[in-house]
Amino acid sequence: MALADAALHLATERLTALFHRTAAVKEVSLMFPRHTVTAIIGPSGCGKSTFLRCLNRMHELSDGGWVTGKVLLEGVDIYGGRVNPVEVRRRVGMVFQRPTPFPTMSIYDNVVAGLRVNGRLPQTTLDEAVERALRQSALWDEVKDRLRVSALDLSGGQQQRLCIARAVAPGPDVLLLDEPTASLDPLGTLRIEELCHELKRRYTIVIVTHNLQQAARVSDYTAFFYLGELIEVGRTKDIFTKPRVERTEAYITGRFG
Amino acid sequence: MIAPRLRRRVGSAIMTTLVVALCLLAVLPLLFILGDLTVKGASSIDWNFFTKSPVPAGQTGGGVANAIVGTGIIVGLACLFGLPIGIGAGVFLAEYGSGRLGWLVRFVADVLNGTPSIVMGIFVWGWFVKPLGHFSALAGGLALAALMIPMVARTTEEMVRLVPHSLREAALALGYPRWRTSLRVVVRTALAGIVTGGLVAVARIAGETAPLLFTALGNLNFSTNILQPMQTLSLQIYVYATGPFDEWHRLAWAAALVLMALVLGLAVLARWATRQRDGTG
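Bear in mind the structure is a predicted one, so any value in this text is a computation, not a measurement.

Trainee: Help me understand the overall build of chain A in this model?
Mentor: When helices and strands are counted, chain A shows 11 helices and 10 strands. Projected onto its principal axes, the C-alpha coordinates of chain A cover approximately 55 × 45 × 40 Å. A burial count over chain A gives 46% of its 257 residues as buried. At a minimum sequence separation of 6, the contacts of chain A that also span at least 24 residues come to 66%.

Trainee: For this particular structure, what's the right way to read the interface of chain B and chain A?
Mentor: Buried accessible area, meaning the area lost when the parts come together, often serves as the stated size of an interface. Taken together, the contacts link 16 residues of chain B with 20 residues of chain A. At the level of secondary structure, the elements contributing two or more residues to the side of chain B that touches chain A comprise α7 (165-173) and α8 (178-206) of chain B. Looking at the side of chain B that touches chain A, the element that brings in the most residues is α7 of chain B, giving six residues. For the side of chain B that touches chain A, the residue count by class is eight nonpolar, five polar and three charged.

Trainee: Just checking my understanding: could you explain the domain arrangement of chain B for this structure?
Mentor: Residues and elements named next belong to chain B. Examined at the domain level, chain B breaks down into domain 1 (2-44) and domain 2 (48-278). Placing the centre of domain 1 and that of domain 2 at their C-alpha centroids yields a distance of 32 Å. Each partner contributes to the interface: domain 1 provides eight residues, whereas domain 2 provides eight residues. Along the lines of polarity and charge, the residues of the side of domain 1 that touches domain 2 split into four nonpolar, three polar and one charged.

Trainee: Sorry if this is basic, but what is going on with the pairing of strand β6 (residues 92-95) of chain A here?
Mentor: Here is the key point about a regular strand: its side chains alternate between the two faces of the sheet. Residue and element names in this part refer to chain A. In β6, alternate side chains face the same way, and those of V92 and M94 on one face and G93 and V95 on the other are all buried. Of the strand pairs in this sheet, β6 and strand β7 (residues 174-178) are connected by four bridges, and their pairing is parallel. Across the sheet, G93 pairs through a bridge with L175, a residue of β7.

Trainee: Even after reading the chapter, I still don't get the packing of helix α6 (residues 137-161) of chain B against α8 of chain B, so can you show me in this structure?
Mentor: The axes of two packed helices give the description: the angle between them and the distance between them. Residues and elements named next belong to chain B. At a minimum axis separation of 8 Å, α6 and α8 run at an interaxial angle of 150°. The angle between the axes of α6 and α8 places the two elements in the roughly antiparallel class. Here α6 and α8 pass one another in a crossing that is right-handed. Contacts between α6 and α8 involve L144, L147, M148, M151, V152, T155, T156, M159 and V160 from the former and V186, V187, A190, G193, I194, G197, G198, A201, R204 and I205 from the latter. Of the residues assigned to the contact of α6 with α8, the class counts are 13 nonpolar, five polar and one charged.

Trainee: I'm lost on the confidence of the model for chain A in this one. Help?
Mentor: Averaged over chain A, the pLDDT score is 91; the fraction of residues at 70 or greater is 97%. Within chain A, strand β3 (residues 37-41) of chain A carries the highest mean pLDDT (96), whereas helix α1 (residues 2-7) of chain A carries the lowest (50).

Trainee: What is the right way to read the sheet that holds strand β4 (residues 65-73) of chain A from this model?
Mentor: Within a sheet, each strand pairs with its neighbour through backbone hydrogen bonds, oriented either parallel or antiparallel. Residue and element names in this part refer to chain A. Pairing is antiparallel across the open sheet formed by four strands, whose spatial order is β2-β1-β4-β5. Because the sheet does not close on itself, it has two edges, and the strands there are β2 (22-33) and β5 (76-77). Bridge count between strand β1 (residues 8-19) and β4: eight bridges; the pairing is antiparallel. Within β4, the residue paired with T16 across the bridge is T68.

Trainee: I'm lost on the sheet that holds strand β10 (residues 229-235) of chain A in this one. Help?
Mentor: Residue and element names in this part refer to chain A. Across the sheet, six strands lie side by side as β6-β7-β8-β3-β9-β10; this open sheet has mixed pairing. Lying at the two open borders of the sheet, with one neighbouring strand each, are β6 and β10. The average angle at which neighbouring strand axes cross in this sheet is 15°, direction not considered. Alignment of β3 against strand β8 (residues 204-208), held across four bridges, turns out to be parallel. Across the sheet, the residue bridging to T38 is V206, located in β8.

Trainee: What should I look at first to understand unusual backbone geometry in this one?
Mentor: Backbone geometry follows two general trends: most residues other than glycine have a negative phi, and most peptide bonds adopt the trans configuration. Residues and elements named next belong to chain A. Phi is positive for H20, close to 55°, though the residue is something other than glycine. The residue H20 is located in the loop between β1 and β2 in this model. For L227, which is not glycine, the phi torsion reads 50° and is therefore positive. Structurally, L227 can be placed in the loop between β9 (221-226) and β10. Using a count of 15 C-beta atoms within 10 Å as the deciding quantity, one classes L227 as partly exposed.

So, how was this worked out
Residues numbered from 1 in each chain as written. Chains lettered and ligands numbered in written order. Predicted model: local features only at pLDDT ≥ 70, side-chain atom pairs only at ≥ 80, totals over all residues. Helix = DSSP H or I, 4+ residues; strand = E, 2+ residues; numbered from the N terminus. Buried ≥ 20, exposed ≤ 12 C-beta atoms within 10 Å, placed from the backbone. Contact = placed C-beta atoms within 7 Å. Nonpolar A, V, L, I, M, F, W, Y, C, P; charged D, E, K, R; others polar. Domains from an automatic or database assignment. Pairing = 2+ DSSP bridges. Axes fitted to C-alpha atoms, helices over the stretch in contact; angles between N-to-C directions. Parallel < 35°, antiparallel > 145°, perpendicular 65-115°, else oblique. Left-handed = near helix turned anticlockwise from the far one by under 90°. pLDDT = per-residue confidence, 0-100.

The following block contains the structure:
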């Protein structure tokens, strides 16, 4: 038990996410061990993105969005009264479906955007952070000679890796990926998936995906959501080879969803 | 088989001709104004026109240096008060203006946008000139600022609204506080549009006469004291054009040409600013 707790990084306890009076996620309790990739799968509208957005307190920024239950980050409820949501978002990085580089900033400025928000840092610190983050997101070799050009000069796949670099630069503990390859071509998708394997050595990753093969390729654990409820969670190979719940099996074999 | 196609082509030709003709008709007044001003005003524009102040009535010579400088100062004062308030209100409306206060501010801005400019002049006269006991350039600047604020607020709001929601979310997810997201990401992204809106507003107010009649009043001498009456090009045109002397009429045409060129220049600058920054966005 003690060992399990030490490895446990992030957990939700009966987490319910609502829009006004409608629950999009219902009483979900999930655990995310340190340095693992957990994939969240399910048909459109099953609440998987909403669930993800609860993990860094982004859900409450949506119109009418509120939450009950707990999200424990290293044992501390991030919805506790004393916790500042802005601090939570610095510890839990997020990458969205579509690349969202800041259009007025250079590649360099995009990467350090999350660092600069904490105040002025020495130039050498920033330079090091940029190289580290871009190496981690496998973009360094492609952009190292043109860090000062606009981030919009990059291709879609490069922009998405830039967004990953921007998310990891401030040194978060957890990385949330919300269908990060939804707008990318197969090659861009492949690179992001390879990246997941690299990144999990440093971060705990939660990835929402529509693509079942992707979930099977990148994740250690898979959670299946349906109509806002957690139907089944387990080791990825178990979920895909011998699911315990019939509905899970129906979904992964393509019979519905 | 052929008839419908022919009919379509004829119809298309007629409509195209009509649209082009209407378009020319719309541009025609501008060309007439520019042509007329150039014909009647250009000959009076020389070095003295820009460097000398008016001479007493009846004498020839003199210029409108006081009015050119005065226009610059009063428009500058208007920008000083009008731009920060207008842009601030616009950002507020776009970012936080979904509630009742936002509705109220938007409604007031729309009403003010439609208010005749002379009413703004009376308003400033009643609340500023009368209590202080004298006309001043400062009062003129305030009247023009009051005209500018609703214009700038509404264009800023539109420009800020165009910034995709995903950029806001990206900044917030990086741990930006909300106000910083607004300033560093949203406003910066919308900056080209905001600058354009500001320039268009400046072009609009630079030629205003009515709100200045009982605020800045006008001044036949060269003055840079903002607490004293001051001349502007529009006031100078008003006085000269309604006066009895041919010499005055001549200078009025020239002043009108300069004012028109100024406004046109600002409009072109606004276009250019948008295009420059759109290169990256």
